[in-house]
Amino acid sequence: MPDTAYPTPRNAPPKPRAEQPRWVLPEPGPSFEEIRLFRKQRLAAALRLFAYYGYDHGPAGHITVRDPEWTDHFWINPLGVYFGHIRVSDLLLVNHDGEIVIGDKPVNLAGYHIHSAIHRARPEVVGVAHSHSTYGKAWSTLGRVLDPITQDSAAYYGQQALSSFTGVVWEQDQAQKIVRDLGGRNYAFLENHGIITAGLSVESAAWHFIALDNAAHAQLLAEAAGKPVVLSPEVASFTAGQYNQRPDGGRYGFQPLYEKIVREQPDLLD
Ligand SMILES: [Zn+2]
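Read on for a plain summary of the structure. Note that the structure is a prediction, hence the values are computed from the model and not measured. Within each chain, residues carry numbers counting from 1 in the order of the written sequence. The model is predicted, so local features are restricted to residues of pLDDT at least 70 and side-chain atom pairs to those at 80 or more, both for listing and for counting; the totals for chains, interfaces and linings are taken over all residues. In computing side-chain values, all of the structure's heavy atoms are included and hydrogens and water are not.

This next bit is on unusual backbone geometry. Backbone geometry at asparagine 192 places phi at a positive 60°, although glycine is not the residue there. Take asparagine 192: it is sitting in the loop between strand 7 (187–190) and strand 8 (194–199). On the accessibility criterion, asparagine 192 (46% relative accessible area) is partly exposed. Here a strand is any run of E in DSSP of at least two residues, a helix any run of H or I of at least four, and the numbering for each starts at the N terminus. Only protein chains enter the calculation, and the probe is 1.4 Å; a residue is then buried if its accessible area is under 20% of its type maximum, exposed if over 50%, and partly exposed in between.

Structure, rendered in structure tokens:
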């Protein structure tokens, strides 16, 4: 034992807690109005976070959340408003015919087509996120899914789709192709375009977008520097299972970021 200069304790240490406190996420009240506001606040926060991470690229990119009451409608950011300036009151409610039901700003046609097609085909999907983030866009040109080269990227092992490029998505047919390529999965690289994520909440869709862009960044760096060690299929599958124990676990990734952005930019809730 090393000789230390610590004095002899005067008291015994406090007793440990009987059990570890649980991490409890905030939940909305039971009414449609409370759930709607909860979802819109997280959508606005996700857009502010996308600006914080530099995922804004002119008017490209959109995040959507399904309305809890009118489930064939969804909330989306308006065309031409900087992600970093979005407030809850800026969000548009659109229906599956592309008509604006609430809001006085235009909607991005490509965004409407892609998101509408996914919300329509996948009733369980509540949130969808897409933007032209630099690392996701760079990775999307390689025609490959991410390899399980880190603990974090192994979370997506066997769960990523690829969808080849057909031009700016101004037609329903193009959006239907993305839906087919996505299948039942929630994560895709739209080739020569960028990342798209879907989730059981807008928090999950946003968190997994951030995590996939980060994983793309890490693999681009690693492959630029050398030949990264790829985890075995067994270890990658095991790790993915560890990460995906909760069906909507992305909410836990999002929550600290939500608290950060609301504390720093409280006007997003206006
Ligand atoms: Zn796009």
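Relative to the elements of secondary structure, threonine 197 occurs in strand 8. Here threonine 197 is in contact with Gly127, Val128, Ala129, Asn186, Tyr187, Ala205, His208, Phe209 and Leu212, once residues within four sequence places are set aside. Residues are treated as being in contact if the distance between any of their heavy atoms lies within 4.5 Å.

Turning our attention to the coordination of the zinc ion. The protein atoms donating to the zinc ion are His130 (NE2), His132 (NE2) and His193 (NE2), with metal-donor distances spanning 2.1 Å. In primary sequence terms, the donor set of the zinc ion follows H-x1-H-x60-H. When its relative accessible area of 1% is taken as the criterion, histidine 130 is described as buried. Metal donors: N, O and S atoms at distances within 2.8 Å, or within 3.2 Å for Na, K and Ca, with water omitted from the atom set so that some sites may seem incomplete.

So, on to the sheet that holds strand 2 (residues 73–76). Within a sheet, adjacent strands bond to each other through the backbone by hydrogen bonds, running parallel or antiparallel. In space, the eight strands of this open sheet follow the order 4-3-2-1-5-8-7-6, with mixed pairing throughout. Both edges of this open sheet fall to strand 4 (100–102) and strand 6 (160–163), since each of them pairs with a single strand only. Taken pair by pair, the neighbouring strands of this sheet meet at an average axis angle of 25°, ignoring direction. With four bridges joining them, strand 2 and strand 3 (residues 92–95) adopt antiparallel strand pairing. Pairing of phenylalanine 74 across the sheet is with valine 94, part of strand 3. Between any two strands, pairing holds if DSSP finds at least two bridges. Comment: axis = line fitted to C-alpha atoms, over the contacting stretch for helices; angle = value between 0 and 180 degrees taken between N-to-C directions.

What follows deals with helix 8 (residues 250–264). For the α-helix, the turn length of 3.6 residues means that residues three or four positions removed from each other point alike. Expected helix span is given by 1.5 Å per residue-to-residue step, counting one fewer step than there are residues. Along its 15 residues, helix 8 runs 22 Å from first to last C-alpha, staying within 8% of the 21 Å computed at 1.5 Å per residue. Within helix 8 the residues assigned to the buried category are Gly250, Arg251, Gly253, Phe254, Gln255, Leu257, Tyr258, Ile261 and Val262. As for helix 8, its buried residues are in contact with helix 1 (32–52) and helix 6 (202–225).

Here we take up the environment of leucine 25. Tracing the backbone shows leucine 25 in the segment before helix 1. Here the alpha-carbon distance between leucine 25 and tyrosine 252, two residues 227 residues apart in the chain, equals 7.5 Å. The contact partners of leucine 25, leaving out residues within four places of it in the chain, are Arg251, Tyr252 and Gln255.

It is worth spelling out the nonpolar core at this point. The nonpolar core is taken to be a set of buried Ala, Val, Leu, Ile, Met, Phe, Trp, Tyr and Cys residues, with the residues joined through side-chain atoms within 4.5 Å. Formed by 41 residues in total, the largest nonpolar core has its most connected members in Leu43, Leu47, Phe50, Ile63, Leu146 and Phe254. Those elements that provide at least two residues to this core are helix 1, strand 1 (62–66), strand 7, helix 6 and helix 8. What isoleucine 63 contacts, discounting residues up to four positions off in sequence, is Leu43, Ala46, Leu47, Phe50, Trp75, Ile76, Asn77, His115, Val128, Ala129 and Val202. By size, the runner-up hydrophobic cluster in this structure holds 15 residues, among which are Ile114, Ile118, Ala175 and Leu182.

Our next topic: the pairing of strand 6. If a strand is regular, its side chains alternate between the two faces of the sheet. One ladder, built from four bridges, connects strand 6 with strand 7; its direction is parallel. Across the sheet, the residue bridging to alanine 161 is alanine 188, located in strand 7. Orient the strands so they point away from the viewer; a crossover is then right-handed if the path from the first strand over the helix to the second runs clockwise. Crossover handedness for the path strand 6 to helix 5 (residues 172–182) to strand 7: right-handed.

We define a salt bridge as a contact between a side-chain nitrogen of Lys or Arg and a carboxyl oxygen of Asp or Glu at a distance within 4 Å. For the coordinates displayed, the defined rule picks out 14 salt bridges. Between arginine 251 and glutamate 27 there is a salt bridge, and its shortest N-O distance comes to 2.9 Å. Residue arginine 251 is located in helix 8, and its partner glutamate 27 is located in the segment before helix 1; the two are separated by 224 residues in the primary sequence. Under the relative-accessibility criterion, arginine 251 is labelled buried at 12%.

Of the two faces of strand 2, the one carrying His73 and Trp75 and the one carrying Phe74 and Ile76 are both buried. As paired strands, strand 1 and strand 2 are joined by three bridges and run antiparallel to one another. By the bridge assignment for strand 2, threonine 64 is matched with isoleucine 76. Turn length for the strand 1-strand 2 hairpin, with the two strands adjacent in sequence and antiparallel, is six residues.

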